[in-house]
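# Notes for the structure review
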Amino acid sequence: MTAVTDIPAALDLRVIAMLWRREVTAYLSDRTQIFGGVSRTVLWLVILGFGLGATLREIEGYTYSQYILPGVMVLNVLFASMQSAFGLVYDRKHGLLRQVLVSPAPPLSVTLGKLTGGASIAVLQGSIPLLFAPLVGVPLSVPGLLIAWAVMFAMGFALTGVGVLIATRIKGLKGFGSLSNGVIQPLYFLSGSIFPLKGIVGGIGFLDIPQYLRDELRQYGIYAIGGGWVVELPLWLEAIVRANPISYQLDLMRHALLGFHQLPLTTGVVVCVAFPVAALALAQWSLLRLTQD
């Protein structure tokens, strides 16, 4: 009977909602984060996409801007998640975090409130590049958007948990920035965001045929025709990309938005479930350790 009554006590929806609201309100009042999301999108998707697109005419039958659209969404999610976790360093420095942890609020609810807030902000930031989808010629559908948002939420939840783990291990504000960039850049560049694992790059011909015929060819697995270069990553680099959990979540988003993927979709779904659960456990463990220090 005791075990049954202890289960509801581990969760308090009011605490989760309060901490979630605090995170989202702080984000909406901070215009610099929104500006950062827009500027990253313009730099990577528009300037870099069209700039390199003049050289790399296509990747597997998609323009370079179309191909990197999901990758730019991932980049915004990465930055937003780490920025959300960065608030813990400030709260810890001013004693606010300890007050929350020693309060009667269930620790699991505190962790869930922080991580769901970070995940919600990540979805908002990750959706900014979608505003540019018509500009680069990516048609959006309701099912595709729902899947992309679900993947971004799972990714943001997990990465906020990773950020919490980092934030609770350091004491200075400057140290977190260095460590978070050391996490963001490898996860992004080694996820297939800006280059495929294997495919035809720079080909001529596929983008010149009508859209309806391209869509029909893709149903048969033909993503590129005409002249081009078949590129393939070195085995050691491909192994690193496949070991990166962000690679599978990005691949799911690319499949939802473009209909193209290079990794097993089933594995991507498993990663979307397992990665947030593992991050939640690590984040709660790291927060509980603070009360023992």
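Note that the coordinates shown come from a computational prediction; the quantities given were computed from them, not determined experimentally. (Residues numbered from 1 in each chain as written. Predicted model: local features only at pLDDT ≥ 70, side-chain atom pairs only at ≥ 80, totals over all residues. Heavy atoms only, no water.)

On to the overall build of the protein, then. When helices and strands are counted, the protein shows 13 helices and two strands. When the 293 residues of the protein are sorted by exposure, 50% land in the buried category. Of all intrachain contacts in the protein linking residues separated by at least 6 positions in sequence, the fraction that spans at least 24 positions is 83%. (Helix = DSSP H or I, 4+ residues; strand = E, 2+ residues; numbered from the N terminus. Buried < 20%, exposed > 50% of the residue type's maximum accessible area, 1.4 Å probe, protein only. Contact = heavy atoms within 4.5 Å.)

As a further point, take the pattern of salt bridges. In this structure the tally under the stated criterion is three salt bridges. Between E23 and R22 there is a salt bridge; the shortest N-O distance is 4.0 Å. Judged by relative accessible area, which is 42%, R22 ranks as partly exposed. The salt bridge partner of E238 is R242, with a shortest N-O separation of 3.0 Å. (Salt bridge = Lys/Arg side-chain N within 4 Å of Asp/Glu carboxyl O.)

Take helix α10 (residues 211-219) next. Residues R214, L217 and R218 constitute the buried set of α10. Angularly, the buried residues of α10 cover 100° about the axis, an arc narrow enough to put them on a single face. Of the residues in α10, the exposed ones pointing more than 90 degrees away from the buried face are Y212 and Q219. Two residues or fewer past α10, G221 is found with a positive phi of approximately 80°. (Arc of directions from axis to C-beta.)

For the rest of this paragraph, the subject is the environment of Q262. Positionally, Q262 belongs in the loop between α12 (245-258) and α13 (265-292). Considering only alpha carbons, one finds Q262 and K198, 64 residues apart in sequence, at a separation of 8.2 Å. The residues contacting Q262, other than those within four sequence positions of it, are Y67, P196, L197, K198 and D251. A polar atom in the side chain of Q262 sits 3.0 Å from the backbone nitrogen of L197. (Polar contact = N/O pair within 3.5 Å; in protein donor to acceptor, adjacent residues only side chain to side chain.)

With that out of the way, let us pick up the environment of N244. In this fold, N244 is placed in the loop between α11 (235-243) and α12. Look at N244 and you get buried, because its relative accessible area is 6%. Residues N244 and L190 lie 54 residues apart in sequence; the distance between their C-alpha atoms is 7.1 Å. Apart from the residues within four sequence positions on either side, N244 is in contact with P186, L187, L190 and S191. A polar atom in the side chain of N244 sits 2.9 Å from the backbone oxygen of L187. A polar contact of 3.0 Å, which involves the side chain of N244, links it to the backbone oxygen of L190.

What follows is about the packing of helix α8 (residues 142-167) against α12. Across the interface, α8 lies against α12 with an axial gap of 8 Å and an inter-helix angle of 165°. As the angle between them shows, α8 and α12 are arranged roughly antiparallel. Where α8 crosses over α12, the two elements pack in a sense that is left-handed. From α8, G144, I147, A148, V151, M152, A154, M155 and L159 reach across to α12, where they touch I246, Q249, L250, L252, M253, A256 and L257. Of the residues belonging to the contact of α8 with α12, the class tally is 13 nonpolar, two polar and no charged. (Axes fitted to C-alpha atoms, helices over the stretch in contact; angles between N-to-C directions. Parallel < 35°, antiparallel > 145°, perpendicular 65-115°, else oblique. Left-handed = near helix turned anticlockwise from the far one by under 90°. Nonpolar A, V, L, I, M, F, W, Y, C, P; charged D, E, K, R; others polar.)

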